[in-house]
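So the chains spell out like this:
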Amino acid sequence: MDWGALHTILGGVNKHSTSIGKIWLTVLFIFRIMILVVAAERVWGDEQDDFVCNTLQPGCKNVCYDHFFPISHIRLWALQLIFVSTPALLVAMHVAYRRHEKKRQFRKGDKKCEYKDIEEIRSQRFHIEGSLWWTYTSSIFFRLIFEAVFMYAFYYMYDGYQMPRLVKCSDWPCPNTVDCFVSRPTEKTVFTIFMIAVSSICILLNVAELCYLLTKFFLRRSKKAGNSKQQPNHENKEETKQNEMNELISDSCQNTVIGFSS
Amino acid sequence: MNWAGLYAVLSGVNRHSTAIGRIWLSVIFIFRIMVLVVAAESVWGDEKSAFTCNTQQPGCNSVCYDHFFPISHIRLWALQLILVTTPALLVAMHVAYQQHQEKKLLVLTGHADAKHMEEVKKHKVRIAGSLWWTYVCSVVFRLLFEAVFMYIFYMLYPGYQMMRLVKCEAYPCPNTVDCFISRPTEKTIFTVFMLVTSSICIVLNMAELIYLVVRACARRSRHNSNPSSGKGSFYGHKHSSEYKQNEINQLLTEQDGSLKDMLRRNSGLQEKGDRCSAC
């Protein structure tokens, strides 16, 4: 079970997302997960081995490393990506539940069910409306919350996003104050800024998607309200047409009768 | 065979699970197995090489590491996840057995064409009858394994916090030696995370157990208040076609309702609707 499996799981959800949702998923997989796997993991690979302290005191290096890096950037990003991609599974579960209901209706031979084949139900794409709209909106909301929480956790733990070259450590068993040097600080800073930037883009995409869904919801609502007002006029028009047709038929019938009789 | 192989095996079981069972499976795969593979394994990767003791005595390092970490967290979690996910295979085996019986029944009733055989494989089996017992047993075993491993963890590593420093006196270390563990805070964070997800899984299993029991009781009370689903008679001349029809009816009643639906839809039994009491 790795990132590839997550990609397979979320690929299925993609079918029922909005266009912005699909863009968000692409950004997530290409600019975050892929960068993490092919580049960032190598940069942080020797983070502890090459963390060097200016002392021969055994244990000082371990303790200082633990003090300055309570949780590595790589692990934080991995957790962030897992948490941020999981709300989409709520949508997948809701869609699966709807499909299950439709299949049940189909099996019972319900006349209301408009599908001809169970395969059609399986491959059908559901519109984001009704309760699915609420599930989808909640999932976006959770995504936003998780992104924000992790960005804050990052900022809180590492005091800004820059990786220092040198840290001064005075934890026991280090004698007095000891200089410790971080491996590849500039490269780490570059990747940290990159991941932060992409994370911000993802937040923007989520906010845009939320606005889009809300706009669609209100438009649909106002259209429904408009339709229900027009309904009585519409019915009158239908009745009028039917009356006209009846008149034409009765006229033509009379003519025919007259024609026969003459 | 790796975690992906296990995922492939268990995805099949997913089809016949309850909704809570599917949520449990998702939590296991995404929040436990995936976190273990992509994050936790690299945290514990250098646990021995970066375990440093304040001594130059050869062998002291190895002995102290072995004394304080009889079995690594990562291996314990891997064992736990394997044992916890395996009872679901009991259900898979029972479902396969039921499907085999349904296929035999189709052959007996003369519906052994490819279309019906495919439908037997595809249709979702209801959790009723003996399958209900198997499913409940599998959930109970899951709970048991989770609890046992949580207890083992607590016994081996009292408290869930990873210490920065351990004091070691095992031979050949001279007197008492300070040994320093690598990444203790990160390890504590992941230990707590895995513990929390394990607890969530225990809660989900208990909820599923309660749901199954309540459903069974509800079904039973419905059955008691509506006893019209009569069984076919066993007592008739054994060689008569009526007896055979009754046997088929009996088997149909005992089988899952969806098989009846399937056969009914294909109108095999509709012509015999008057005689067929189980339909």
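Residues numbered from 1 in each chain as written. Chains lettered and ligands numbered in written order. Predicted model: local features only at pLDDT ≥ 70, side-chain atom pairs only at ≥ 80, totals over all residues. Heavy atoms only, no water.

Describing the state of the cysteines
Evaluation of the coordinates by the stated rule reveals six disulfides over all chains. Note on cysteine connectivity: C64(A) is disulfide-linked to C169(A), with sulfurs 2.0 Å apart. Because the sign of the S-S torsion sets the handedness, a value of about -90 degrees for the bond joining C64(A) and C169(A) places this disulfide among the left-handed ones. Note that C64(A) is positioned in helix α3 (residues 60-68) and C169(A) in strand β2 (residues 166-169), a separation of 105 residues in sequence. There is no split in this pair, since C64(A) and C169(A) are both buried. Described in terms of the sequence order of its bonded cysteines, the disulfide pattern of chain B is 1-6, 2-5, 3-4. Here chain A pairs its bonded cysteines, counted in sequence order, in the arrangement 1-6, 2-5, 3-4. C137(B) carries a free sulfur, and the closest cysteine sulfur to it, the one in C217(B), is 16 Å from it. Accessibility expressed as a relative area gives 37% for C137(B), which makes it partly exposed. (Disulfide = S-S within 2.5 Å. Helix = DSSP H or I, 4+ residues; strand = E, 2+ residues; numbered from the N terminus. Buried < 20%, exposed > 50% of the residue type's maximum accessible area, 1.4 Å probe, protein only.)

A word on the interface of chain A and chain B
Contact with chain A, which involves 32 residues of that partner, is made by 37 residues of chain B. Between chain A and chain B we count four salt bridges in total. Between E186(B) and R75(A) there is a salt bridge, with the nearest N and O atoms lying 2.7 Å from each other. Linking chain A with chain B are 13 residue pairs in polar contact (both at pLDDT 80 or more). (Contact = heavy atoms within 4.5 Å. Salt bridge = Lys/Arg side-chain N within 4 Å of Asp/Glu carboxyl O. Polar contact = N/O pair within 3.5 Å; in protein donor to acceptor, adjacent residues only side chain to side chain.)

Some points on the packing of aromatic side chains
Residues and elements named next belong to chain A. Counting across every chain of the model gives 30 aromatic pairs over all chains. With a centroid separation of 6.0 Å and an interplanar angle of 50 degrees, the aromatic rings of F154 and Y158 are classed as tilted. With F154 and Y158 both in helix α7 (residues 131-158), this residue pair falls four residues apart, about one helical turn. Taking the relative accessible area as the measure of exposure, F154 reaches 2% and is therefore buried. With relative accessibility at 11%, the residue Y158 sits in the buried group. (Phe/Tyr/Trp six-rings, centres within 6.5 Å; stacked < 30°, edge-to-face > 60°.)

Considering the UniProt feature "domain: Connexin N-terminal" (unreviewed entry) in chain B
In the numbering used here, UniProt assigns the feature "domain: Connexin N-terminal" (unreviewed entry) to residues 42-75 of chain B. Helix makes up 41% of residues 42-75 of chain B and strand makes up 6%, while its end C-alpha atoms are separated by 13 Å. (UniProt positions renumbered as here; feature names shortened; annotations may be inferred.)

Some remarks on the confidence of the model for chain A
Per-residue pLDDT for chain A averages 82, and the proportion of residues at 70 or more is 81%. Within the model, pLDDT remains below 50 along residues 256-262 of chain A, and this stretch shows zero contacts once partners closer than five positions in the same chain are excluded. (pLDDT = per-residue confidence, 0-100.)

Observations regarding the UniProt feature "domain: Connexin N-terminal" (unreviewed entry) in chain A
As annotated in UniProt, the feature "domain: Connexin N-terminal" (unreviewed entry) corresponds to residues 42-75 of chain A in the numbering used here. Structurally, residues 42-75 of chain A comprises 41% helix and 6% strand, and the distance from its first C-alpha atom to its last is 13 Å.

Overview of the sheet that holds β2(A)
Neighbouring strands of a sheet are bound in pairs by backbone hydrogen bonds; such pairs are parallel or else antiparallel. Residues and elements named next belong to chain A. Strand order in the open sheet made by the three strands is β1-β3-β2, with antiparallel pairing throughout. Where the open sheet ends on each side, the last strands, each with one partner, are β1 (52-53) and β2. Relative to the sheet, α3 contacts β1, β2 and β3 (178-181), its axis offset from that of β2 by approximately 110 degrees. (Pairing = 2+ DSSP bridges. Axes fitted to C-alpha atoms, helices over the stretch in contact; angles between N-to-C directions.)

Here's the deal with the side chain of R142(B)
Residue and element names in this part refer to chain B. Relative to the helices and strands, R142 is located in helix α7 (residues 130-156). Side chain to side chain, R142 and N205 meet in a polar contact 3.0 Å long. Side-chain polar atoms of R142 contact the side chain of E208, separated by 3.3 Å. R142 has contacts with W24, V84, P87, Y135, N205 and E208, leaving out every residue within four places of it along the chain.

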